[in-house]
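Each chain is listed here by its residues.
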Amino acid sequence: DQQVKQNSPSLSVQEGRISILNCDYTNSMFDYFLWYKKYPAEGPTFLISISSIKDKNEDGRFTVFLNKSAKHLSLHIVPSQPGDSAVYFCAASANGGSNYKLTFGKGTLLTVNP
Amino acid sequence: NAGVTQTPKFQVLKTGQSMTLQCAQDMNHEYMSWYRQDPGMGLRLIHYSVGAGITDQGEVPNGYNVSRSTTEDFPLRLLSAAPSQTSVYFCASSYGTDNYGYTFGSGTRLTVV
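Residues numbered from 1 in each chain as written. Chains lettered and ligands numbered in written order. Predicted model: local features only at pLDDT ≥ 70, side-chain atom pairs only at ≥ 80, totals over all residues. Heavy atoms only, no water.

**Focus on the overall build of chain A**
Looking only at helices and strands, one finds zero helices and 11 strands in chain A. Reading chain A from its N terminus to its C terminus gives the helix and strand order β-β-β-β-β-β-β-β-β-β-β. Considered along the principal axes of its C-alpha atoms, chain A spans approximately 40 × 30 × 20 Å. Across the 114 residues in chain A, those meeting the buried criterion constitute 47%. Look at the contacts in chain A between residues 6 or more apart in sequence, and 55% of them connect residues 24 or more apart. Total accessible area on chain A stands at roughly 5,300 Å², and carbon and sulfur atoms take up 48% of it. (Helix = DSSP H or I, 4+ residues; strand = E, 2+ residues; numbered from the N terminus. Buried < 20%, exposed > 50% of the residue type's maximum accessible area, 1.4 Å probe, protein only. Contact = heavy atoms within 4.5 Å. Areas by Shrake-Rupley, 256 points an atom, 1.4 Å probe, with all protein chains shown as cover.)

**Here's the deal with the pattern of salt bridges**
A full pass over the atoms with the stated rule returns four salt bridges over all chains. The partner of Glu58 of chain A in a salt bridge is Lys56 of chain A, with the nearest N and O atoms 3.7 Å apart. A relative accessible area of 41% places Lys56 of chain A in the partly exposed class. With a shortest N-O distance of 3.0 Å, Arg36 of chain B and Asp38 of chain B are connected by a salt bridge. Sharing partners across several salt bridges, the network here consists of Arg36, Asp38 and Arg44 of chain B. (Salt bridge = Lys/Arg side-chain N within 4 Å of Asp/Glu carboxyl O.)

**Some details on the interface of chain A and chain B**
Of the residues lining the interface, 20 residues belong to chain A; the matching set on chain B comes to 24 residues. Across the chain A/chain B interface, buried area totals approximately 1,700 Å², and carbon plus sulfur atoms make up 56% of it. For the pair chain A and chain B, the number of links is zero salt bridges. Here chain A is connected to chain B by two residue pairs in polar contact (both at pLDDT 80 or more). Every element with two or more residues in the side of chain A that touches chain B is listed here: β4 (32-38) and β5 (45-51) of chain A. Sort the elements by how many residues they give to the side of chain A that touches chain B and β4 of chain A lands first, with four residues. (Buried area = accessible area lost by both parts, 1.4 Å probe. Polar contact = N/O pair within 3.5 Å; in protein donor to acceptor, adjacent residues only side chain to side chain.)

**Focus: the state of the cysteines**
Under the counting rule described, the total for this entry stands at two disulfides over all chains. Between the sulfur of Cys23 of chain A and that of Cys90 of chain A lies a disulfide, 2.1 Å long from S to S. Looking down the S-S bond of the Cys23 of chain A and Cys90 of chain A bridge, the torsion is -75 degrees, so its handedness is left-handed. In this pair, Cys23 of chain A sits in strand β3 (residues 19-25) while Cys90 of chain A sits in strand β9 (residues 86-93), placing the two residues 67 residues apart along the sequence. For Cys90 of chain A, a relative accessible area of 1% translates into the label buried. The disulfide partner of Cys23 of chain B is Cys91 of chain B, and the S-S distance across this bridge is 1.8 Å. Residues Cys23 of chain B and Cys91 of chain B are joined by a disulfide whose S-S torsion is about -70 degrees; by sign, that bridge is left-handed. Of this pair, Cys23 of chain B sits in strand β3 (residues 19-25) while Cys91 of chain B sits in strand β9 (residues 87-94), and the two are 68 residues apart along the sequence. Take Cys23 of chain B: its relative accessible area is 1%, and that puts it in the buried class. Taking relative accessible area as the criterion, Cys91 of chain B reaches 0% and is therefore assigned buried. (Disulfide = S-S within 2.5 Å.)

**Considering the sheet that holds strand β8 (residues 72-77) of chain A**
All names here are of chain A. Reading across the sheet, the five strands line up as β1-β3-β8-β7-β6 and stay open at both edges, with antiparallel pairing between neighbours. Among the strands making up the open sheet, the edge pair consists of β1 (4-5) and β6 (56-59). In terms of strand pairing, β1 meets β3 through two bridges, oriented antiparallel. When the bridges of β3 are listed, Lys5 appears paired with Asp24. (Pairing = 2+ DSSP bridges.)

Structure, rendered in structure tokens:
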């Protein structure tokens with residue numbers, strides 16, 4: 001049973017517009033959430049994280065929103081750039097903020113068109 | 001500062017062979033993990049370690065062994081390779097605390113024939 005779900009395998013947006021990537025989870029013990037970006041033939045790169053005590057975290061063009069009651073989080077990228085084209089993974093941890101044991105979603109392929 | 005280094009980058013094994021995937025980090029991270037990525041499956045945790053001498057199983061540990069004798073190294077051993085172990089393997093390390101994500105290596109692409 002998948003505990004972290006990314007239901008959209010792919011997303012295509014125009015350069016300059018907003019990209020919204022969604023993630024749902026089922027395990028109520030998850031208390032820390034992360035987003036990773038992955039280019040082909042490279043390892044995933046950490047983007048941004050959020051603790052369950054917050055509902056929003058921003059870092060430059062990237063904002064993560066957490067809705068605990070809905071067990072849903074989203075990653076907003078504004079404005080989107082062609083270099084943002086990659087696979088984005090949502091991940092979650094249930095270790096009180098220590099993220100050594102992560103459960104990943106299957107990923108969403110984002111394509112930003114010039 | 002090399003980050004997380006994985007060797008080899010590519011490997012082809014015959015069924016039943018054994019091998020060790022190497023992983024080293026130079027960031028003095030306490031936490032290290034091995035993940036495998038299969039098409040349409042995301043990343044799945046194989047084994048992890050929260051410090052030298054301490055390891056534990058993840059989601060898909062069968063067929064793999066690990067040890068952590070030093071902070072820097074976390075090798076993954078395949079005992080008797082099977083075609084189902086064909087995958088891309090990623091090693092990662094982290095401080096493990098808030099706001100620090102894992103740093104991943106570039107991966108080892110393993111094919112078992």
